Amino acid sequence: MRLLPNLDRDFSEWHGGCSSALVWALDVDTAEVRARVGEAAGRLDDLLLSRYLRQPHITLAFAGLRPEPGATPAGAVYGEHDTRRDLAALRALGIAPFRVTVGGWGTFPMAPYLDASADALSPLRAVLPAPSRHPHVTVGLYAVEAELSEAEARMTGFAPPPLEVAVDTVCLMSYATDDIAGPLTTIGRLSLCDGTWTG
């Protein structure tokens, strides 16, 4: 596998004027996880885009583009009826608050990550359309093409103890479609304690 660069540009041909995209995710933005992500990113340094502003999170599924009047997206849109459908499916699982483990590093061709694991992740992902392929916390986005061995060499010795993060909500988050490294905004939260939706 080779590492592939991300293009830091506005993919207007995809979003067609929809200014934001939505994802179902778990918020794991704690001081400990931020520090772990920062440590991994520091090792990879100039292999990564100079900025990655998305808060630590575990994507459960890509939802779609938020529809807007006049937009002509090539990608699938995700409206209010889709949110209601997926909320019903998530509530029906009856999953109680749980703890997720954030562990060692791995990489996709275009992004390094920290592994994330919990028994609850599989059923949560299974009831949502377009689930993520592998639960993880993204470290950053590659800016250059390189051999996998380059990243592996830099990550040699990176073996910190796993972190456990308490999870009591499932979040619907958005990001600006014209900024591949921009921050996330939480649109709503589904409580795993009592099934209420705040958003």
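Anything mentioned here points back to the structure above.
Think of each chain on its own: its residues are numbered from 1, step by step along the sequence as written. Under the rules for a predicted model, residues below a pLDDT of 70 receive no local features and side-chain atom pairs below 80 are neither given nor counted, while totals for whole chains, interfaces and linings still include all residues. Derived side-chain values reflect all non-hydrogen atoms in the structure, with water molecules and hydrogen atoms excluded from consideration.

Enquirer: An account of the sheet that holds strand 11 (residues 197-198) is requested, with residue identities and associated values reported.
Expert: Ordered by their spatial adjacency, five strands build an open sheet running 3-2-9-10-11, and the pairing between neighbours is antiparallel. Looking at the sheet topology across the chains shown, the edges are occupied by strand 3 (57-65) and strand 11. Examined bridge by bridge, strand 10 (residues 185-191) and strand 11 share two bridges and lie antiparallel to one another. Directly across from Arg189, in strand 11, lies its bridge partner Thr198. Any two residues whose heavy atoms approach within 4.5 Å are treated as being in contact. Axes, fitted as lines to C-alpha atoms, cover a helix only where it is in contact. Angles between the N-to-C directions of the axes lie from 0 to 180 degrees. Secondary structure elements are defined from DSSP: runs of H or I of at least 4 residues count as helices, runs of E of at least 2 residues count as strands, and each element is numbered from the N terminus. On top of the sheet, helix 3 (residues 80-93) reaches strand 2 (20-27), strand 9 (169-176), strand 10 and strand 11; it is set at about 15 degrees to strand 2, its chief contact. Paired strands, as defined in this entry, are two strands with at least two bridges between them according to DSSP.

Enquirer: Outline helix 2 (residues 31-44), listing residues and values.
Expert: The end-to-end C-alpha separation of helix 2 is 20 Å, in line with the 20 Å expected for 14 residues at 1.5 Å each. For every residue, the accessible area obtained with a 1.4 Å probe (protein chains only) is divided by the maximum for its type, and the residue is called buried under 20%, exposed over 50%, and partly exposed between those limits. When we look at burial in helix 2, the residues that qualify are Val33, Arg36, Val37, Ala40 and Leu44. With its buried residues spanning 95 degrees around the axis, helix 2 presents them on a single face. For helix 2, the secondary structure elements touched by its buried residues are strand 4 (98-107), strand 5 (112-117), strand 6 (136-138), helix 5 (148-154) and strand 8 (163-167). Once helix 2 finishes, Asp45 follows within two positions and takes phi at roughly 40 degrees, a positive value. Given a helix with a known number of residues, its expected span is that number minus one, times 1.5 Å. Throughout, the arc means the angular range of directions from the helix axis out to the C-beta atoms.

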